[in-house]
Amino acid sequence: MKLRSDRVTVGPMNTGVRALWRATGTAPEEFGRPIIGIANSFTEMVPGHVHLQALGRLVAKEIRAAGGVPKEFNTIAVDDGIAMGHEGMMYSLPSREIIADAVEYMANAHAVDALICLSNCDKITPAMLMAANRLNIPTIFVSGGPMESGKFDYRGKTRRIDAIDTIYVAGAPDATQAEIDAVEESACPTCGSCALMGTANSMNCLTEALGLALPGNGTIVATHTDREDLFRKAAHRIVGMAHAYYRDGDDSVLPRAICSREGLENAVRMTMAIGGSTNTILHLLAVAQESGVDFTIDDFDRISRETPCLCKVSPSAHEVFIEDMHRAGGVMAVVSELLKAGLYNRDNPTALGKPVAEYAAEWDITDPANDEARRLFSAGPGGIRSIRAFSQSSRFRELDTDRATGVIRDADHAFTAEGGLAVLRGNLAPDSCVVKSAGVPENLWQFRGTAIVSESMEEALEKIRNGTVQAGHVVVIRHEGPRGGPGMREMLTPTGMLKAVGLGDKAALITDGRFSGATSGLSVGHVSPEAASGGVIGLVEDGDPIEFDIPNRRVHLDVSDEELDRRRAEMNARGDKAWRPVNRVRQVSTSLRIFGLMAASADKGGARDTEKLDRLERAAIKA
Ligand SMILES: CC(C)(O)[C@@H](O)C(=O)O
Ligand SMILES: [Mg+2]
């Protein structure tokens, strides 16, 4: 099959185009070789990306050595942690669409043949996964890698911490300035994506589980020299994938073959098994939309009920971080345990050219014969402050192969028989809402509380701060959905503040917004339909009883249908003020308004509502 790039390199009509390529450094003899786009998300604004600038050059050199023609371009990258807690967070989810478009635009405008995606943080990996499936050209991922955990002395104990601990330490009512300074200094010691099972590490683990990244991609810390091999191998592999597809006609290397229904099921099993971020639900639904797979929120619920939680990392476990999951064998170890339990699609193709079941066994550290695996998973943190990639080569003295009480369990010793994420439904969320059950204290798995309603995150924060919210309350935050925010902000700040004021296991929070992967407690998000789309959450009033029942996957607003009908009629009577926040003044840019207008609901991944787009196009024709 011809290379895609033939259209911009071959024939007399492309004389000028070849001249332009040559002015980018392409040598004449390189024409006819596969052009590999390097989607680099380097930025100095995000610790997970600050070290990527040079890695684009490293990958380019290896691609050239492997017989490809590297062409690097950049995308943006938003740091959710820096955007958190203010209106900047409105840009986080929309940036996923912007990044996916940027990759599409660069890859299609220049007709590249294949892609290597250098991603890392929350929205960048899912965005590039969306783009890869949208483009459906050979693609491989290699992420910047997780940050090392921090360490500091706190009230007489040495604590291992991550970025999120700053909220609890600094937010404690009796925090001292010395403690605040110490946790600031210690919480983020290196480059990389925050050391917990936040959205970034969840998505990088899922990309490895999908087989779109090499073994170790999700868990080798960013600072370790072993990670450099991942970049080199991925660079060589993508050239091989381009040849496999264009020269040998092997379409099993294409993203849509890998992100098939079976592949996506494997990714969902992984997120359930590791207690991944609730955002993985949003992102995998958006990836499924791009991959053309009929995959719905009900698939998540089905898989959640039958997949055990085999690995708990912060925030679902105390002082356990990604580096500890690595020492226990990382994603490959979880894949091996799921395969042994018959809970993994064995034959799904991967970027490695063989099904994950074939190579997971080679990377299983519990097999003493697997020397390479045992070496790879011995890569540990250096414990030295650094924002440079591959700056240390520390190794754990021993691996964690204890599948009964270790960080990664076998199915017989699972943390919970069901997955770490649960999909709930009820009159308050007829189209679903989600909760990270792995992070909910047992005493809150069934909970009845009374609503304290806020129409913005800021309003809720004030009510938590000034004591309006008490034990037994359900903080309801609405008009923060994909459309209503717009942008579906993460509500880490209010969930963190509930913990900081001692209500983490005494109160609940439900929202049409979403949560950070760092959120724990009875925090229920993605309520669909959202308030801005006429959802019942838009009708809740202070004092209304709300019931949560995680084992039975149920959320219920204990208000009669008659009363809800009355409230709905009253709301609709507001005319163009209906289903809008009552007293909220918020500056929303044109770009964000366009996102809100086109965003599907959370139960569809908050991606572009293409059915609405079709309707708008038809209406435009008539106008
Ligand atoms: C700040 C975090 C930890 O990245 C959060 O935004 C997440 O989604 O996990
Ligand atoms: Mg996030």
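In this text the structure is predicted, and so the values were computed from the model without any measurement. (Residues numbered from 1 in each chain as written. Chains lettered and ligands numbered in written order. Predicted model: local features only at pLDDT ≥ 70, side-chain atom pairs only at ≥ 80, totals over all residues. Heavy atoms only, no water.)

A. Spotlight on the overall build of the protein chain. Check the secondary structure of the protein chain and you find 22 helices and 14 strands. In terms of overall size, the protein chain behaves like a compact globule, its C-alpha atoms giving a radius of gyration of 24 Å where 623 residues would be expected to give roughly 25 Å. Along the three orthogonal principal directions, the C-alpha set of the protein chain runs to about 75 × 70 × 50 Å. Within the protein chain, the proportion of its 623 residues that are buried is 62%. Contacts spanning at least 24 positions in sequence make up 74% of the contacts within the protein chain whose residues lie at least 6 apart. Per element, the accessible surface of the protein chain, about 22900 Å² overall, is 52% carbon and sulfur. A distance of 4 Å separates the average location of the 69 positive side-chain charges in the protein chain from that of its 83 negative side-chain charges. (Helix = DSSP H or I, 4+ residues; strand = E, 2+ residues; numbered from the N terminus. Rg over C-alpha atoms; globule rule 2.2 N^0.38 Å. Buried < 20%, exposed > 50% of the residue type's maximum accessible area, 1.4 Å probe, protein only. Contact = heavy atoms within 4.5 Å. Areas by Shrake-Rupley, 256 points an atom, 1.4 Å probe, with all protein chains shown as cover. Lys, Arg positive; Asp, Glu negative; His and termini not counted. Charge placed at Lys NZ, Arg CZ, Asp CG, Glu CD.)

B. View of the site of ligand 1. With respect to spatial proximity, the complete set of residues near ligand 1 consists of D80, G81, M84, D122, G198, T199, N279, E490, S516, G517 and A518. A distance of 3.4 Å separates an oxygen atom of ligand 1 from a polar side-chain atom of D80. At 2.7 Å, a side-chain N or O of D122 approaches an oxygen atom of ligand 1. Residues of the shell around ligand 1, tallied by class, amount to two nonpolar, six polar and three charged. Residue-level mapping places the shell around ligand 1 at the junction of two domains, with at least three residues from each of domain 1 (33–149 + 189–412) and domain 3 (422–604). (Near = heavy atom within 4 Å. Polar contact = N/O pair within 3.5 Å; in protein donor to acceptor, adjacent residues only side chain to side chain. Nonpolar A, V, L, I, M, F, W, Y, C, P; charged D, E, K, R; others polar. Domains from an automatic or database assignment.)

C. Spotlight on the pairing of strand β11 (residues 508–511). Both faces of β11 are covered, namely the face carrying A508 and I510 and the face carrying L509 and T511. Read from strand β10 (residues 473–477) through helix α19 (residues 492–500) to β11, the crossover connection turns out right-handed. Across two bridges, the pairing between β11 and strand β12 (residues 523–525) is parallel. From the neighbouring strand, L509 faces β12, where its bridge partner is S523. (Right-handed = clockwise from strand over helix to strand, strands pointing away. Pairing = 2+ DSSP bridges.)

D. Spotlight on the environment of S386. Tracing the backbone shows S386 in the loop between α17 (371–376) and β7 (422–426). On a C-alpha basis, the gap between S386 and C188 in space is 9.8 Å, while along the polypeptide they are 198 residues apart. Residues within four places of S386 in sequence aside, it is in contact with P189, T190, C191 and S391. At 2.9 Å, the side chain of S386 and the backbone nitrogen of R388 are in polar contact. Within the structure, the side chain of S386 is placed 3.3 Å from the side chain of S391, a separation counted as a polar contact.

E. Seen up close, the coordination of the magnesium ion (ligand 2). Protein-derived ligands of the magnesium ion (ligand 2) are D80 (OD), D122 (OD), E490 (OE) and E490 (OE), with the metal-ligand distances lying across 2.0 to 2.8 Å. Classification of the site at the magnesium ion (ligand 2) as irregular follows from its six donor atoms and the range of 50 to 175° in their angles at the metal. In terms of primary sequence, the donors binding the magnesium ion (ligand 2) are separated according to D-x41-D-x367-E. With D122 in the loop between β3 (114–119) and α5 (124–135) and E490 in the loop between β10 and α19, this pair connects stretches of sequence that are 368 residues apart. Pair check on accessibility: D122 and E490 agree, each one buried. (Donors = N, O, S within 2.8 Å, 3.2 Å for Na, K, Ca; no water. Tetrahedral: all angles 85-135°; square planar, octahedral: opposite > 155°, others 65-115°.)

F. Broad picture of the pattern of salt bridges. One pass over the structure, following the stated rule, counts 52 salt bridges. With a closest N to O distance of 3.1 Å, E337 and K340 form a salt bridge. Taken together, the residues span about one helical turn, with E337 and K340 both in helix α15 (residues 330–340) at a distance of three residues. Owing to a relative accessible area of 4%, E337 belongs among the buried residues under this scheme. Residues joined in a network through salt bridges with shared partners are R261, E265, R269, D299, R302 and E306. (Salt bridge = Lys/Arg side-chain N within 4 Å of Asp/Glu carboxyl O.)

G. Spotlight on the sheet that holds strand β4 (residues 139–143). Across the sheet, four strands lie side by side as β2-β1-β3-β4; this open sheet has parallel pairing. Looking along the sheet, the strands with just one partner apiece sit at the ends: β2 (69–74) and β4. Each strand axis lies, on average, 20° off the axis of its neighbour in the sheet, ignoring direction. Of the strand pairs in this sheet, strand β1 (residues 35–40) and β2 are connected by six bridges, and their pairing is parallel. Bridged to I38 within β2 is E72. (Axes fitted to C-alpha atoms, helices over the stretch in contact; angles between N-to-C directions.)

H. Broad picture of the domain arrangement of the protein chain. Partitioning the protein chain into structural domains gives domain 1 (33–149 + 189–412), domain 2 (150–185) and domain 3 (422–604). Relative placement of domain 1 and domain 2: their C-alpha centres are 30 Å apart. On the side of domain 2, nine residues touch domain 1, which itself brings 13 residues to the contact. Between domain 1 and domain 2, the buried area comes to about 840 Å², and carbon and sulfur atoms account for 45% of it. Taken together, the links from domain 1 to domain 2 amount to three salt bridges. The closest approach of N and O atoms between R160 and E323, which form a salt bridge, is 2.9 Å. (Buried area = accessible area lost by both parts, 1.4 Å probe.)

I. Fine view of the UniProt feature "domain: Dihydroxy-acid/6-phosphogluconate dehydratase C-terminal" (unreviewed entry) in the protein chain. In the numbering used here, UniProt assigns the "domain: Dihydroxy-acid/6-phosphogluconate dehydratase C-terminal" (unreviewed entry) feature to residues 407–605. As annotated, residues 407–605 has a helix share of 20% and a strand share of 21%, and its two end C-alpha atoms lie 30 Å apart. (UniProt positions renumbered as here; feature names shortened; annotations may be inferred.)

J. Region of interest: the nonpolar core. Of all hydrophobic cores here, the largest spans 124 residues; its most connected members are I116, M270 and M325. Top element by residues in this core is helix α9 (residues 226–247). It accounts for eleven residues. The contacts of M270, once residues within four sequence positions are left out, are C205, L206, A209, V331, V334, V335, L338 and Y344. By size, the runner-up hydrophobic cluster in this structure holds 34 residues, among which are V474, I546, F548 and M571. (Core = buried A, V, L, I, M, F, W, Y, C linked by side-chain atoms within 4.5 Å.)

K. Quick peek at α15. Burial analysis of α15 places ten of its eleven residues in the buried class, which makes it a mostly covered element. All of the buried residues along α15 are G330, V331, M332, A333, V334, V335, S336, E337, L338 and L339. Buried residues belonging to α15 abut α8 (199–210), α11 (261–274), α14 (322–327) and α16 (356–360). Residue G342 follows α15 closely and has a positive phi angle near 70°.

L. Local environment of the confidence of the model for the protein chain. With 100% of its residues at a pLDDT of at least 70, the protein chain reaches an overall mean of 96. Across the predicted assembly, pTM comes out at 0.97 and ipTM at 0.99. (pLDDT = per-residue confidence, 0-100.)

M. Summary view of the environment of E319. For E319, the location among the structural elements is in the loop between α13 (297–306) and α14. Not counting residues within four places of it along the chain, the set of residues in contact with E319 comprises R159, R160 and D324. For E319, the side chain forms a polar contact with the side chain of R159, separated by 3.0 Å.

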